[in-house]
Amino acid sequence: MTSADNLRAFRRDGRIVIVGASLAGLRAAESLRDEGFTGSLTMIGDELGEPYDRPPLSKQVLTGWVPAGGTTLPRRRDIDAEWLLGVPASGLDLATDHVRLADGCEVPFDRVLIATGVRARPWFVPSEAELDGVFVVRTREHAEGLQRALAAGPSRVLVIGAGFTGSEIASICRERNIPVTVAELAPYPLVGALGAMIGEVAAEMQRAHGVDLRCGVKVTRLEGDAQGRLRRAHFDDGSTVDADVAVVALGGIRNTEWLQGSGLAAGVWGVACDTGCRAMDLNGLITDDVFVAGDVARCPNPVYEYRLISLEHWANAVEQAEIAAHNMVNGQAERWPHLSIPRFWSIQFGVNIKSVGVPTFADEVVVTQGSVTDHRFVAAYGYQGRVTAAVTFNNAKWLDHYRRLIETAAPFPPPCPTPDQPLDTKPVPVDFPGPTLLAQGATVVVTGHDPGERRVTAAHQHHR
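Bear in mind that the values here come from a model prediction, so they are computed numbers and not experimental data.

This part takes up unusual backbone geometry. Of the consecutive residues F412 and P413, the connecting peptide bond is found in the cis state with omega at 0 degrees. A positive phi angle, near 50 degrees, is found at A409, a position not held by glycine. With respect to the secondary-structure elements, A409 resides in the loop between α10 (399–407) and β29 (428–429). Among the residues examined, A409 registers a relative accessible area of 44% and is labelled partly exposed.

Set out below in structure tokens:
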């Protein structure tokens, strides 16, 4: 039987398992059926209920505009799948081609798509995380609980972390006239994603809207009362703040623990793959039957020097899912690369913030259009003399223009395309904060001497 015959047989009768029943998983399943795959399709998800949209959870749901149950993702078509929901995957056996579930069941596959995404990073002291009034925001249940707490009219909300999610929650609190304190270890909000210049603008915006913004401080303890309700937070500078609601917005943890022992290049940064979304094994070799998409994928981007990049972006999840689905059911000659330029958006304090490209891949930034004072401008990012990203405040119509500059490696700084050129167009250092990552230790150990024998095995982390 030829490879073409094998591919036709697989498209007709093959078994595909998708681990992760959220945005990337659902869109991949729909695309597989669009591509003509008629074999068996199994969807595995750790949450009960149909896939739902996550961005509204920290936006429309918390304002009360949309109920948490109203965020179900629309179906583009019937996918004729077996749904295994409410039980997470616990292992991947590539020797026998099975996904193991936490309840002991095993699901066989011919090809598998990993789309397990991320979960919210919890507060680091479990007993304090369990206090009544302490929340994270990642699932429908999280958003529903926080929405009820905000609707009850708390005396003060503490937001721990001033990234996009934390800043959006602070904005919603002020819309509802709720006093809010934001604690951020970095010198400015959003600085880890957009740099110091934009961080200064974000800080000014928050304070102008009445946010008690405290940067350069760390929350060391959450204090509860005798009934187990949150009452106070303690900071490393000796100060305290009384609050009856705290939102922990310290980023996400990629769901890769279940892949330990699988032989894949999976860890805290995600699952490494090629631009065709094919997973990489521990030795850096590309697998043929394991694919990755969405927040958990760590994919090389040729525009950014082929660096492996993980992106927690809605559009990226959809695009990777469609690429992975296409490549799962097509031969090598027909496979597509994932070459999209990332896009992201956020609404906070009445300002629509949108970006294109990867702002963290930059050494300089310059305001090219509009007015920073009016919160209506475009900032372009550059790396070694070429445009690599752009961020807009209430000026999103220019994003496509800057996307083309990024794709064509246009010189940085770019000329202003409109008459509203700022007076000061001198680039400044982008000034991202230094890495504040937990020490992860070695991830692999190399064994063997001859080229045909050299391999790596996963190393266990050493905790002091």
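Before going further, it helps to spend a moment on the pattern of salt bridges. Going through the model one piece at a time under the given rule, you end up with 23 salt bridges. For R138, the salt bridge goes to D295, with nearest N and O atoms at 3.5 Å. Of this pair, R138 sits in the loop between β9 (134–135) and α5 (140–151) while D295 sits in the loop between β21 (286–292) and β22 (297–301); the two residues are 157 residues apart in sequence, bridging distant segments of the chain. Taken as a pair, R138 and D295 share a single burial class, namely buried. The network of salt bridges with common partners includes R27, E30, R76 and E322.

What follows deals with the sheet that holds strand β13 (residues 219–224). Strand pairing in a sheet takes place through backbone hydrogen bonds and is either antiparallel or parallel in direction. Taken in spatial order, the three strands line up as β13-β14-β15 in an open sheet, and their pairing is antiparallel. Edge positions in the sheet fall to β13 and β15 (240–242), since each has one partner strand and no second. Averaged over neighbouring strand pairs, the angle between their axes works out to 20 degrees when direction is ignored. Bridge count between strand β14 (residues 230–235) and β15: three bridges; the pairing is antiparallel. The residue bridging A233 from the neighbouring strand is V241, located in β15.

Turning to the UniProt feature "domain: FAD/NAD(P)-binding" (unreviewed entry) in the protein chain, a few remarks are in order. Mapped onto this structure's residue numbering, the UniProt feature "domain: FAD/NAD(P)-binding" (unreviewed entry) falls at residues 15–321. As annotated, residues 15–321 has a helix share of 22% and a strand share of 31%, and its two end C-alpha atoms lie 17 Å apart.

Turning our attention to the packing of aromatic side chains. The geometry of an aromatic ring pair is captured by the separation of the ring centres together with the interplanar angle, meaning the angle of the planes. Applying the stated criterion across every chain yields a total of six aromatic pairs. Judged by centre distance (5.7 Å) and plane angle (40 degrees), the ring pair of F10 and F37 falls under tilted. Of this pair, F10 sits in helix α1 (residues 3–13) while F37 sits in the loop between α2 (23–34) and β2 (40–45); the two residues are 27 residues apart in sequence, bridging distant segments of the chain. Given the relative accessible area of 1%, F37 is considered buried. In textbook terms, an aromatic cluster arises when at least three aromatic residues are bridged by ring pairs, as seen for Y304, F361 and Y383. Sitting over the ring of F10, R111 keeps its end group 5.0 Å from the ring centre.

According to the domain assignment, the protein chain consists of domain 1 (3–53 + 72–119 + 253–334), domain 2 (126–250) and domain 3 (350–433). Taking only C-alpha atoms, the centre of domain 2 and the centre of domain 3 are 29 Å apart. With twelve residues of domain 2 at the contact, the number on the domain 3 side is 18 residues. With both chains or domains summed, domain 2 and domain 3 bury close to 1,200 Å², and 77% of this area falls on carbon and sulfur atoms. Among the residues of domain 2 in contact with domain 3, L194, M197 and M205 are the three that bury the most area, contributing 39% of the side total. Taken together, the links from domain 2 to domain 3 amount to zero salt bridges. Seen at the junction of domain 2 and domain 3, the total is four residue pairs in polar contact (both at pLDDT 80 or more).

Pairing in this open sheet of five strands is parallel, and the strands run β9-β16-β10-β11-β12 from one edge to the other. The sheet is open, and its two borders are formed by β9 and β12 (212–215), each paired with just one other strand. Relative to strand β11 (residues 180–184), strand β10 (residues 157–160) runs parallel, the two being bridged by four bridges. Within β11, the residue paired with L158 across the bridge is T181.

Now for the state of the cysteines. What we call a disulfide is simply a covalent bond connecting the sulfur atoms of a pair of cysteines. Throughout the structure, instances matching the rule amount to zero disulfides. No disulfide involves C273; its nearest neighbouring cysteine sulfur is the one of C299, lying 4.3 Å away. With a relative accessible area of 0%, C273 lands in the buried category.

Conventions adopted
- Residues numbered from 1 in each chain as written.
- Predicted model: local features only at pLDDT ≥ 70, side-chain atom pairs only at ≥ 80, totals over all residues.
- Heavy atoms only, no water.
- Helix = DSSP H or I, 4+ residues; strand = E, 2+ residues; numbered from the N terminus.
- Buried < 20%, exposed > 50% of the residue type's maximum accessible area, 1.4 Å probe, protein only.
- Salt bridge = Lys/Arg side-chain N within 4 Å of Asp/Glu carboxyl O.
- Pairing = 2+ DSSP bridges.
- Axes fitted to C-alpha atoms, helices over the stretch in contact; angles between N-to-C directions.
- UniProt positions renumbered as here; feature names shortened; annotations may be inferred.
- Phe/Tyr/Trp six-rings, centres within 6.5 Å; stacked < 30°, edge-to-face > 60°.
- Lys NZ or Arg CZ within 6 Å of the ring centre and 35° of its normal.
- Domains from an automatic or database assignment.
- Contact = heavy atoms within 4.5 Å.
- Buried area = accessible area lost by both parts, 1.4 Å probe.
- Polar contact = N/O pair within 3.5 Å; in protein donor to acceptor, adjacent residues only side chain to side chain.
- Disulfide = S-S within 2.5 Å.

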